[in-house]
Amino acid sequence: MADFDDPPSRASAVIVGAAVVSRNGMTEVERMRTFMARSSTVAAAASLILVGLAGSSVAAESSVVTVVGDQSSKGGASWAQCPTGTHLIGGGYLGGESQAPVTVSAPSMSHPGMWAAQATYSYVRAYALCDKKSAPTSAVAGSHVTGGGVSYAQCPANTDLIGGGYAARFGYNGLHQTNDVIEADAPSAVHPGAWAAKSSNGAMTAYALCRARD
């Protein structure tokens, strides 16, 4: 598996409200742009109605932006980097296959503000959720467990858990297929402030995304 936490130096596409800034013609992003343009038309019509009823309507600008990473090569990693002046508050991915699932979806420890995703034998695209008003955030890695055990990533003192992810290693057959699945990727119910991750029988490392308290 390639090192998902060692990305090359490159930019990602950024979605800010209904505007899309893209470094290449990504089909998925274009679809999102079309959908959001249509949504903007509906929102504009709704605003006119509100103005007529209430006399004025001022939409509050969101402090949150979504960053879309490049699609990975087959088996490679994708990274989505939050822009300067924002902090990572979450992330995810688009991709993977039924018997070649996504093995990594986690905040990067070595590159603050970046979300990473990887699927060993398929394609994936990482997404990052970034907030201009958030306090600084950081990633914490849990213990590396094998044999289907649970990994816990604990946020340090004076921080709050706001999300998390995982990095798994599955066993594959000669057709590059696995029956291993992600069984847990969630905040822990028994360890406050910790993120838990588990696969059915593979190796697992949990990652917690922690935000500094004001």
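Look up a bit, the structure's there.
Parameters and conventions
- Residues numbered from 1 in each chain as written.
- Predicted model: local features only at pLDDT ≥ 70, side-chain atom pairs only at ≥ 80, totals over all residues.
- Heavy atoms only, no water.
- Helix = DSSP H or I, 4+ residues; strand = E, 2+ residues; numbered from the N terminus.
- Buried < 20%, exposed > 50% of the residue type's maximum accessible area, 1.4 Å probe, protein only.
- Contact = heavy atoms within 4.5 Å.
- Areas by Shrake-Rupley, 256 points an atom, 1.4 Å probe, with all protein chains shown as cover.
- Pairing = 2+ DSSP bridges.
- Axes fitted to C-alpha atoms, helices over the stretch in contact; angles between N-to-C directions.
- Salt bridge = Lys/Arg side-chain N within 4 Å of Asp/Glu carboxyl O.

Asker: What exactly am I supposed to notice about the overall build of the protein chain here?
Answerer: Tallying secondary structure elements over the protein chain gives one helix and 14 strands in all. Looking at the protein chain as a whole, 43% of its 214 residues qualify as buried. Residue pairs in contact within the protein chain that sit at least 24 positions apart in sequence constitute 73% of those at least 6 positions apart. Counting every atom, the protein chain has about 11,000 Å² of accessible surface; 55% of that belongs to carbon and sulfur.

Asker: Got a minute to help me understand the sheet that holds strand β6 (residues 102–107) in this structure?
Answerer: Within a sheet, adjacent strands bond to each other through the backbone by hydrogen bonds, running parallel or antiparallel. Pairing is antiparallel in the open sheet, where six strands are placed in the order β4-β7-β6-β11-β14-β9. A strand with exactly one partner marks an edge of an open sheet, and here the two such strands are β4 (77–81) and β9 (137–145). Going across the sheet, the axis of each strand differs from the next one's by a mean of 20 degrees, ignoring polarity.

Asker: How should I be thinking about the environment of Ala106 in this particular structure?
Answerer: Tracing the backbone through its elements, the reader meets Ala106 in strand β6. Of the residues examined, Ala106 reaches a relative accessible area of 0% and is grouped as buried. Taking C-alpha positions, Ala106 is 9.6 Å from Ala141, a pair spaced 35 residues apart along the chain. Apart from residues lying up to four places away in sequence, Ala106 is in contact with Met114, Trp115, Ala116, Gly165, Tyr166 and Tyr207.

Asker: Could you clarify how one ought to interpret the sheet that holds strand β12 (residues 182–187) in this entry?
Answerer: Across the sheet, three strands lie side by side as β10-β13-β12; this open sheet has antiparallel pairing. Two strands in the sheet have a free side with no partner beyond their single neighbour: β10 (150–154) and β12. Here the strands of the sheet are splayed against their neighbours by 10 degrees on average, with no regard to which way each runs. The pairing of β10 with strand β13 (residues 194–199) spans five bridges and is classified as antiparallel. Residue pairing across strands places Tyr152 opposite Ala196, the latter belonging to β13.

Asker: Explanation requested: the pattern of salt bridges in the structure shown.
Answerer: A side chain with one charge may pair with a side chain of the opposite charge, provided their charged atoms come close. Scanning the model with the defined rule gives three salt bridges in all. Residue Lys132 is joined to Glu61 by a salt bridge in which the shortest nitrogen-to-oxygen separation is 3.6 Å. Here Glu61 lies in the loop between α1 (27–54) and β3 (64–71) and Lys132 lies in the loop between β8 (124–131) and β9, a separation of 71 residues in the sequence. Using a relative accessible area of 66% as the deciding quantity, one classes Glu61 as exposed.

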